[in-house]
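# Residue-level structure breakdown
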Amino acid sequence: MWLPCGCTSKYVASSFARRILASHLHVSGRSRCNVAAFMPEAAGFEGVSGRAALRELSVSNSESFWAAVARHRLSWSIPFHTVQDCDLSRGKIKWFEGGKLNVSVNCLDRHVHTCPERVALIWERDERGSEMKYTYRELLEMTCRVGNLLRRHGVKRGDCVTIYMPTCPLAVASMLACARIGAAHNVVFAGFSADALAERIRDAQSSTVITVNQGVRGGKVIELKKTVDTAVESCPTVKQVFVAMRTDNPVTMTARDIAMEEEMLKEDVVCEPAVMNSEDVLFLLYTSGSTGKPKGLVHTQAGYLLYAALTHRYVFSYHDGDVFGCVADIGWITGHSYVVYGPLANGATTVLFESTPIYPDPGRYWDMVERLKINQFYGAPTAIRLLLKYGDQWVNKYDRSTLKTLGSVGEPINTEAWEWYHRVVGDGRCPVVDTWWQTETGGICIAPRPSDPDAEIVPGMAMRPFFGIKPVLIDTEGELLTSNNTSGALCMAQPWPGMARTIHNNHQRFIETYFQPYPGYFFTGDGAYRSEEGYYQITGRLDDVINVSGHRIGTAEIEDVVNQCPAVAESAVIGYTHSIKGQGVYAFVVLKKGIDVKEADLSRQLNGMVSEKIAKYASPDFIQFAQRLPKTRSGKIMRRVLRKVVESDLEGLGDLSTLDDPAEDDWSISDSLGQN
Ligand code: WT7
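Residues numbered from 1 in each chain as written. Predicted model: local features only at pLDDT ≥ 70, side-chain atom pairs only at ≥ 80, totals over all residues.

Moving on, we come to helix α13 (residues 381-390). Counting buried positions over the 10 residues of α13 gives 8, a clear majority of the element. Looking one or two residues beyond α13, the residue adopting positive phi is Gly391, at roughly 100 degrees. (Buried ≥ 20, exposed ≤ 12 C-beta atoms within 10 Å, placed from the backbone. Helix = DSSP H or I, 4+ residues; strand = E, 2+ residues; numbered from the N terminus.)

What describes two packed helices is the angle between their axes and the distance between those same axes. Interaxial distance between helix α5 (residues 136-152) and helix α6 (residues 169-181) falls to 8 Å at its minimum, and their mutual angle equals 60 degrees. On the basis of the axis angle, α5 is oblique to α6. Two packed elements cross with a definite hand, and for α5 against α6 that hand is right-handed. Residues Leu139, Met142, Thr143, Val146, Gly147, Leu150 and Arg151 of α5 pack against Pro169, Ala173, Ser174, Leu176, Ala177, Arg180 and Ile181 of α6. Among the residues forming the contact of α5 with α6, the class breakdown is 9 nonpolar, 3 polar and 2 charged. (Axes fitted to C-alpha atoms, helices over the stretch in contact; angles between N-to-C directions. Parallel < 35°, antiparallel > 145°, perpendicular 65-115°, else oblique. Left-handed = near helix turned anticlockwise from the far one by under 90°. Contact = placed C-beta atoms within 7 Å. Nonpolar A, V, L, I, M, F, W, Y, C, P; charged D, E, K, R; others polar.)

What follows is about the UniProt feature "domain: Acetyl-coenzyme A synthetase N-terminal" (unreviewed entry) in the protein chain. In the UniProt entry, the feature "domain: Acetyl-coenzyme A synthetase N-terminal" (unreviewed entry) is given for residues 53-107. Structurally, residues 53-107 comprises 45% helix and 15% strand, and the distance from its first C-alpha atom to its last is 30 Å. (UniProt positions renumbered as here; feature names shortened; annotations may be inferred.)

Close to the ligand lie 22 residues; Trp436, Gln438, Thr439, Ile538 and Arg552 are nearest. For the shell around the ligand, the secondary structure elements donating two or more residues are α11 (333-345), β20 (432-435), β27 (522-530) and β28 (536-541). Ranked by residue count, the leading element in the shell around the ligand is β27, at 3 residues. Looking at side-chain class alone, the shell around the ligand contains 7 nonpolar, 10 polar and 5 charged residues. (Near = placed C-beta within 6 Å.)

In contact at an axis separation of 7 Å, helix α4 (residues 103-114) and α6 are set at 120 degrees when each is read in the N-to-C sense. Relative to α6, the element α4 lies oblique. For the pair formed by α4 and α6, the contact residues are Val103, Ser104, Cys107 and Leu108 on the first element and Leu176, Ala179 and Arg180 on the second. When its residues are assigned to classes, the contact of α4 with α6 shows 5 nonpolar, 1 polar and 1 charged.

Quick look at the sheet that holds strand β12 (residues 257-259) now. Taken together, the 8 strands give an open sheet; going across it, the order is β12-β11-β8-β6-β7-β14-β15-β26, and neighbouring strands pair in mixed fashion. This sheet does not close on itself; its edge strands, each paired only once, are β12 and β26 (502-503). Sheet topology places strand β11 (residues 240-244) next to β12; 3 bridges connect them, and they run parallel. Opposite Val241, over in β12, you have Asp257 as the bridge partner. (Pairing = 2+ DSSP bridges.)

Under the local residue numbering, the UniProt record ascribes the feature "domain: AMP-binding enzyme C-terminal" (unreviewed entry) to residues 557-636. Summarising residues 557-636: 28% helix, 32% strand, and an end-to-end C-alpha distance of 17 Å.

Moving on, we get to unusual backbone geometry. Of note, the amide linkage connecting Tyr359 to Pro360 takes the cis form, showing an omega dihedral of -5 degrees. Secondary-structure assignment places Pro360 in the loop between β17 (349-353) and α12 (364-372). Positive phi, normally seen in glycine, also occurs at Gln205, with a value near 55 degrees. The topology assignment puts Gln205 in the loop between α7 (194-204) and β8 (208-212). The backbone of Met463 shows a phi angle near 75 degrees, a positive value even though the residue is not glycine. Relative to the helices and strands, Met463 is located in the loop between β21 (446-447) and β22 (464-465).

Partitioning the protein chain into domains gives domain 1 (41-90), domain 2 (92-355 + 436-530) and domain 3 (554-647). Of note, the centres of domain 2 and domain 3, computed from C-alpha atoms alone, are 31 Å apart. Facing the 10 residues of domain 2 at the interface are 10 residues of domain 3. (Domains from an automatic or database assignment.)

With mixed pairing, the 7 strands of this open sheet are ordered in space as β5-β4-β17-β16-β18-β19-β20. A single partner strand is all that each edge strand has here, and the edge strands are β5 (132-135) and β20. Sheet twist, expressed as the average angle between the axes of neighbouring strands with direction ignored, equals 20 degrees. As paired strands, strand β4 (residues 119-124) and β5 are joined by 4 bridges and run antiparallel to one another. Within the sheet, the bridge partner assigned to Trp123 lies in β5 and is Met132.

Next up on the list: the nonpolar core. Judged by nonpolar contacts, the single largest core of 208 residues is most densely connected at Leu305 and Ile558. If we skip the residues at most four places from it in the chain, Leu305 touches Leu74, Val103, Asn106, Tyr341 and Ala345. (Core = buried A, V, L, I, M, F, W, Y, C linked by C-beta atoms within 7 Å.)

Let us look at the pairing of β27. Residues in a regular strand project their side chains so that they alternate between the two faces of the sheet. Both strand β25 (residues 486-492) and β27 contribute to a ladder of 6 bridges, which runs antiparallel. For Ala489, the partnering residue across the bridge sits in β27 and is Gly527. The antiparallel pairing of β27 with β28 creates a hairpin that spans 5 residues between the two strands, and Gly534 there sits at a positive phi of about 90 degrees.

Following this line, the structure appears as structure tokens:
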């Protein structure tokens, strides 16, 4: 199954793709200056000497900077006439207006033109040692077939297609096919439950879903098609479900189901790309906020792609010919930006990791590094913390000499994990880059070496803003903190091309969440410390969002589910420090009067409800039944007090995390690790 689509040499660049290619190939002959050797995009800035000056300029004269970079790094069919039109106080963000391009042409056709047989994807399948490679030509053909298939089934420009698939080539081709025909995609992480999937399909108003018969993860079969069947029962908008075959096991097909590979074979390998405006929607991606309802963040074409490509190139020191191994799932923004769009826009070989860090044993990542000759490895601290416990021998068994850069993302990386990653995995010779960003930012905003491959790195610090990023810290009174050695709310004072444009169908919520807390600034929701030297360190969320194994979840989302239980009067959920997951979920539950149930039974029931309605990783590690919750006079639950109670409780009890060995809880570990 899922072999590359045929080996025909029928690929002929379509007229639109040819036009874009012509414009792309015509960029040579610029005069070079000292910064140009480092950043060819900046070759136009003759007067700028040195990287520090270039970084200064990217902020002080961001329009010229982004215009130069956008012209150089992207292929346009029609050039933009306005670099930016942004007003942060109104949540208005527009970049490169007037410009027209196609994202799939930028990620595929232009590389097929210059190096068709270069490997685009290495699919590291769950079954160790069975990886499959797909060249740029093959990926373009697969994408075109899917694009034609979607078009033939009525998917039009502006429609939204929901993708519920594990990380695999056909999922990437499906994302790119949407981009090719001008549809938006809405990738839903395949660990989400039927209810969570249904909610996202309904909110996105998708009439088309793409899935697989079954997923395979950590040696276990996951019934994804069944989950889709349950989900679409409550989604009247869904007209068709494309079902690809990851395993050989047949599944029940209904009238709305379409056998994807079978139908793809009937399609042409050439698909005319839609000519898209810079600000047309590229995708929605749902993420958690501090209220119960997940928000569908909207990213658009040119700015997002440019930012993903530029950060991929400079944060990781990616060079032509490198094999880039980001182990995130495509269901998260990390997968979008650093498995798919950034690497492919740069013509890289990108790895699709389908398995878990401990399957079939804790050497899986490093065996993969050796086998695939990975040059940049990008993963989550939660996985590093887990692997560290298994010992150095799992790492030392394998040759890691190809590694050049190690990346970390999703949550703070504690010193012990940082040191181990650096000393053991990287043999003390690879820089570790701790990258801070969010679904909202589209790409990495703060990282140790964005502009200088030799810069100093302090363990556990994200450190320096990327080109064009202007972070500020603001105190609780709303005052800008100008000195160093200070902490505050982390905000951005300037727009950048990769930032989200709105929340799908709810621009008001977008404004209220990100632009009203500190007028004139984009508020990240995180707190940060700025050191004496001016380096940034992320201190954690300032809102009711917690981070479990690098997965972001709103405590209110979990409370909403717990409160649905008829025995429950009210609840409060908080995060607590967990030695592997970063944070664990702790729920306080108040029962209705007169309820007589065994607490253990009710706990099991509540855990089941959360797994079923959201996902396994959101399920509480501890449930504590209480008579009442501490509240303010106005009736707000005092979470701060609850956090104190839990902290002192846990201290008193020692390290409770040992009672909860994540390796025992299979889906939680496979679900939570290596994903984000
Ligand atoms: C939240 C965003 C960005 C891709 C993965 C998560 C936390 C992210 C770091 C880091 C400390 C981090 C923040 C942020 N976070 N990276 N390097 N150090 N915290 O994306 O699901 O949108 O979550 O993850 O709290 O706000 P996301």
